[in-house]
Amino acid sequence: MANILIIGEQTDNALNAAVAKCVTCARDIDGAEIHVLLLGSSIDQAAATAASIEGVAKVLTIDAAHNANPLAAVYAPQIAEVAGGYDYVFGPSTTFGKDLVPRVAALLDVNQLSDIMEVVDARTFKRPIYAGNAITTVTVKDGYKVLATVRAASYRASGEQAAAPIEAVSTGAEIPAHSRFVSVQTGASDRPDLQTAAKVVSGGRALGSEEAFKIIYDFADKLGAGVGASRAAVDAGYVPNELQVGQTGKIIAPELYVAIGISGAIQHLTGIKDAGTIVAINKDEDAPIFEVADIGLVGDLFKVIPEIEAALGA
Amino acid sequence: MDKIIVGLKRVVDYNVRIRVKGDGSGVETDGVKMSINPFDEIALEEALRIRERGDASEVIVVSIGASDAQQQLRTGLAMGADRAILLESDTVVDPLAAAKAMLAIIEQEQPGLVILGKQAIDNDNNQTGQMLAALWNRPQATFASEVILDGDTAKVTREVDAGLETIEVDLPAVITVDLRLNEPRYVKLPDIMKAKKKPLDTKAFSELGVATDDAFSVGLYEPPAQRSKGIMVEDAAGLVAALKEKGLV
Ligand SMILES: Cc1cc2nc3c(=O)[nH]c(=O)nc-3n(C[C@H](O)[C@H](O)[C@H](O)COP(=O)(O)OP(=O)(O)OC[C@H]3O[C@@H](n4cnc5c(N)ncnc54)[C@H](O)[C@@H]3O)c2cc1C
Ligand SMILES: Nc1ncnc2c1ncn2[C@@H]1O[C@H](COP(=O)(O)O)[C@@H](O)[C@H]1O
């Protein structure tokens with residue numbers, strides 16, 4: 001029977017929502033036994049969450065002080081050692097997974113698939129290329145371990161189950177001292193997380209300033225939505241980088257996506273292809289965003305948004 | 001530091017509308033504008049700035065690909081690189097093989113820093129730098145939006161899902177760059193003339209002794225599923241009504 005190792009991601013003992021989506025992908029490989037490997041320091045809660053994901057047979061943990069921060073150079077040799085006994089090694093296509101999985105793959109001397117969006121059969125997978133403008137079907141030849149990142153936006157989270165066993169493991173991997181964590185700066189916010197929010201409101205260059213972007217935050221709060229942005233809005237300094245949606249930002253799949261003052265460049269659209277309903281508000285009726293929008297409204301955002309808020313309030 | 005190596009991949013220009021060939025055998029590249037991968041331009045710009053500050057003495061641009069990639073290397077030389085190396089291959093080189101080829105060059109050149117793009121916008125793999133760092137057994141600092149060199153170490157700020165993460169790595173190291181690291185310079189005409197005289201070495205990829213094991217076989221290429229055309233509403237009230245109908249507000 002095939003077995004699959006999923007490299008889990010956790011922050012401050014909370015499991016990343018992408019892990020349950022990787023499990024869904026892994027369950028498409030018929031009859032495989034699925035294990036989740038978690039690295040960190042004090043990760044009991046995250047491990048318990050992983051153990052309760054439907055389809056997970058076992059959770060492995062390497063809980064150690066040297067794993068306190070997610071440095072790929074530190075994690076990769078430990079994972080490569082555990083991975084030896086598996087046919088498949090998957091990780092989420094978050095920045096954590098993208099940083100780490102290729103390093104593991106190289107240590108195992110195998111190629112890696114990026115962003116699996118569909119399992120065709122046990123050795124055949126679909127993945128997007130050219131910013132999602134083409135989809136390729138890739139077959140991994142027999143005799144090779146399958147290393148991959150899973151495009152979380154293509155999968156729903158697997159459900160819950162009675163907890164699977166959790167097992168601490170240790171490895172003899174050498175921990176390098178050449179890479180050191182310094183700090184992380186996060187824009188703490190009470191709003192729904194961009195990557196998991198059911199609704200997202202994004203603003204673009206049209207907002208014109210950091211102050212003016214407030215209209216987007218306020219509108220998002222009225223809808224109970226997370227906030228996103230185009231690259232142009234991030235580059236101009238209206239919002240921090242973690243809000244960027246698109247090819248080089250976050251790939252998201254909310255039920256509702258509202259693009260305000262965003263033209264709809266291919267690189268932006270790559271990030272929202274799997275959204276349920278796309279709403280576009282733009283003053284230019286020829287803006288490319290209207291080609292993909294389910295509901296379009298031509299108008300000046302500074303006039304239209306207050307009107308929508310008033311209509312919603314009624 | 002003595003040398004910095006920068007990877008330059010030749011890719012379809014980011015402004016080109018990508019079309020899948022009718023027979024599903026690939027993506028249309030005939031007569032299509034080709035450019036340096038945009039992330040690689042940023043990688044080169046960073047290397048040039050480091051050299052111009054006096055923290056490195058030579059910038060070497062490396063491309064793996066068909067002989068046409070000479071054009072992109074010449075552009076890199078015109079931007080200011082000192083010399084170029086083309087590892088010529090007529091077949092597509094996957095990230096693991098590209099990383100092994102880069103490692104072969106590293107062993108010859110002994111650079112203090114290797115700067116690559118975070119991803120090539122053709123296959124969107126986002127792997128080569130991480131693989132190279134693993135094979136070289138050196139640090140990696142991926143998705144960089146700020147690089148500060150300090151003697152034998154580099155402090156790198158990385159764009160991660162949570163925000164901005166800063167790590168410190170010992171040199172030599174591999175850095176992969178994100179879009180906000182810098183704004184690449186424009187090439188001026190006299191620089192293009194000067195670049196013609198700069199050295200560009202061509203080596204056959206096959207002579208490096210790098211195994212390309214072809215673990216993957218790529219079948220069909222397909223266009224993505226199209227979203228069906230939606231509706232236009234007249235005003236705010238129309239928008240709210242449409243959202244209510246879908247049960248979204
Ligand atoms: C390699 C690469 C990767 C990239 N990755 C990304 C990415 O991940 N995400 C991303 O978003 N971009 C990305 N880009 C950039 C992308 O190509 C576009 O430049 C960017 O998305 C444009 O942002 P925008 O729509 O906010 O700005 P613009 O294109 O300038 O559009 C602004 C829009 O606002 C409208 N507008 C102006 N005023 C008003 C008003 N008062 N009311 C209503 N509408 C108004 C205008 O009609 C226009 O359509 C990438 C580019 C490259 C080269
Ligand atoms: N064929 C190549 N020639 C030169 N550089 C490359 C090549 N392939 C990958 N690279 C470098 O590795 C980075 C990441 O590529 P990839 O892993 O393919 O997304 C690119 O931005 C380049 O800097």
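For the structure itself, look to the data block above.
Residues numbered from 1 in each chain as written. Chains lettered and ligands numbered in written order. Predicted model: local features only at pLDDT ≥ 70, side-chain atom pairs only at ≥ 80, totals over all residues. Heavy atoms only, no water.

Engineer: Give a description of the overall build of chain A that names residues and reports values.
Structural biologist: A count of helices and strands for chain A gives nine helices and 18 strands. Projected onto its principal axes, the C-alpha positions of chain A cover 60 × 40 × 40 Å. In chain A, 64% of the contacts between residues at least 6 apart in sequence involve partners at least 24 apart. When the accessible surface of chain A is totalled, it reaches about 11800 Å², and 48% of it is carbon and sulfur. For chain A, the centre of its 23 positive side-chain charges and the centre of its 37 negative side-chain charges are spaced 3 Å apart. (Helix = DSSP H or I, 4+ residues; strand = E, 2+ residues; numbered from the N terminus. Contact = heavy atoms within 4.5 Å. Areas by Shrake-Rupley, 256 points an atom, 1.4 Å probe, with all protein chains shown as cover. Lys, Arg positive; Asp, Glu negative; His and termini not counted. Charge placed at Lys NZ, Arg CZ, Asp CG, Glu CD.)

Engineer: So what about helix 3 (residues 95-109) of chain B? Which residues, and what values?
Structural biologist: In this model helix 3 of chain B runs 20 Å from its N-terminal to its C-terminal C-alpha over 15 residues, within 8% of the 21 Å that 1.5 Å per residue would give. Burial runs high along helix 3 of chain B: twelve of the 15 residues are buried. What helix 3 of chain B keeps buried is the set P95, L96, A97, A98, A99, A101, M102, L103, A104, I105, I106 and E109 of chain B. In this structure, the buried residues of helix 3 of chain B make contact with helix 4 (95-107) of chain A together with strand 1 (3-7), strand 4 (58-65), strand 5 (83-88), strand 6 (113-117) and helix 4 (128-136) of chain B. Of the residues one or two after helix 3 of chain B, Q110 of chain B is the one with positive phi, at around 50 degrees. (Expected span 1.5 Å × (residues − 1). Buried < 20%, exposed > 50% of the residue type's maximum accessible area, 1.4 Å probe, protein only.)

Engineer: Lay out the sheet that holds strand 10 (residues 134-140) of chain A with the relevant residues and their values.
Structural biologist: With respect to topology, four strands assemble into an open sheet ordered 8(A)-9(A)-10(A)-12(B), the strand pairing being antiparallel. Edge positions in the open sheet fall to strand 8 (118-121) of chain A together with strand 12 (216-222) of chain B, since each of these has one partner strand only. Strand-to-strand, the axes of this sheet are offset by a mean angle of 30 degrees, without reference to chain direction. (Pairing = 2+ DSSP bridges. Axes fitted to C-alpha atoms, helices over the stretch in contact; angles between N-to-C directions.)

Engineer: Which residues make up the site of ligand 2, and what values do they have?
Structural biologist: Residue and element names in this part refer to chain B. Close to ligand 2 lie 17 residues; D40, I64, A120, N126 and T128 are nearest. Between ligand 2 and N37 there is a distance of 3.0 Å, counted from an oxygen atom to a side-chain nitrogen or oxygen. Residue D40 places a side-chain N or O atom 2.5 Å away from an oxygen atom belonging to ligand 2. Compared with its free state, where it exposes 480 Å², ligand 2 has 98% of that area covered by protein. For the shell around ligand 2, the secondary-structure elements that each account for two or more residues are strand 4 and strand 6. Top element by residues in the shell around ligand 2 is strand 4. It accounts for three residues. (Near = heavy atom within 4 Å. Polar contact = N/O pair within 3.5 Å; in protein donor to acceptor, adjacent residues only side chain to side chain.)

Engineer: I'd love a proper account of the site of ligand 1, names of residues and values included.
Structural biologist: Residues and elements named next belong to chain A. What surrounds ligand 1 is a group of 28 residues, the closest being R205, S230, T248, S263 and Q267. Side-chain polar atom of H268 to an oxygen atom of ligand 1: 2.8 Å apart, as the coordinates give it. D300 places a side-chain nitrogen or oxygen 2.9 Å from a nitrogen atom of ligand 1. In isolation ligand 1 exposes 980 Å². Once the protein is present, 85% of that is buried. For the shell around ligand 1, the secondary-structure elements that each account for two or more residues are helix 6 (231-235), helix 7 (266-269) and helix 9 (301-313). For the shell around ligand 1, the residue count by class is ten nonpolar, 13 polar and five charged. (Nonpolar A, V, L, I, M, F, W, Y, C, P; charged D, E, K, R; others polar.)

Engineer: So what about unusual backbone geometry? Which residues, and what values?
Structural biologist: A cis amide bond links L171 of chain B with the next residue in sequence, P172 of chain B, at an omega value of 0 degrees. One can find P172 of chain B in the loop between strand 9 (163-170) and strand 10 (173-177). Residue Y130 of chain A is not a glycine yet carries a positive backbone phi of 45 degrees. Mapped onto the elements of the fold, Y130 of chain A is located in the loop between strand 9 (124-129) and strand 10. Assessed through its relative accessible area of 12%, Y130 of chain A is described here as buried. Even without glycine at this site, D124 of chain B takes up a positive phi of about 50 degrees. Within the secondary structure, D124 of chain B sits in the loop between strand 6 and helix 4. The buried category is assigned to D124 of chain B, whose relative accessible area is 8%.

Engineer: Explain the interface of chain B and chain A to me, and be specific about the residues and the numbers.
Structural biologist: Each partner contributes residues to the interface: chain B has 79 residues there, and chain A has 86 residues. Both sides of the chain B and chain A interface together cover about 7000 Å² of buried area, and 53% of this is carbon and sulfur. The largest share of the area that chain B buries against chain A comes from D161, F216 and R227 of chain B, three residues that together contribute 12% of it. Counting across the chain B and chain A interface gives seven salt bridges. K126 of chain A serves as the salt-bridge partner of E222 of chain B, at 3.1 Å between the closest nitrogen and oxygen. Where chain B touches chain A, the interface holds 46 residue pairs in polar contact (both at pLDDT 80 or more). Residue assignment for the side of chain B that touches chain A shows that the elements contributing at least two residues are helix 3, helix 4, strand 7 (140-150), strand 8 (153-160), strand 9, strand 12, strand 13 (231-233) and helix 6 (236-245) of chain B. Residues that form the side of chain B that touches chain A fall into these classes: 39 nonpolar, 16 polar and 24 charged. Direction of pairing for strand 18 (residues 295-298) of chain A relative to strand 13 of chain B: parallel, over a ladder of three bridges. (Buried area = accessible area lost by both parts, 1.4 Å probe. Salt bridge = Lys/Arg side-chain N within 4 Å of Asp/Glu carboxyl O.)

Engineer: Let's hear about the nonpolar core: which residues, and what values?
Structural biologist: All names here are of chain B. If you look at the biggest cluster of nonpolar residues, it comprises 95 residues, and the most contacted ones within it are V6 and I115. Among the elements that take part in this core, helix 3 stands out by supplying ten residues, more than any other. Discounting chain neighbours no more than four positions away, the residues touching I115 are I4, I5, V6, G7, A43, E46, A47, I50, I175 and V177. (Core = buried A, V, L, I, M, F, W, Y, C linked by side-chain atoms within 4.5 Å.)

Engineer: Which residues make up the side chain of T176 of chain B, and what are the values?
Structural biologist: If you trace the backbone, T176 of chain B turns up in strand 10. Residue contacts for T176 of chain B: discarding those within four places in its chain leaves L116, G117, K118, G129, Q130, A141, T142, F143 and A144 of chain B.

Engineer: Now, about the environment of A97 of chain B: what can you tell me, with residues and values included?
Structural biologist: Residue and element names in this part refer to chain B. Residue position: A97 is located in helix 3. Of the residues examined, A97 reaches a relative accessible area of 2% and is grouped as buried. Spatially, the C-alpha atoms of A97 and E58 are 25 Å apart, while their sequence positions differ by 39 residues. When sequence neighbours within four positions are dropped, the list of residues in contact with A97 reads F205, V210, A211 and T212.

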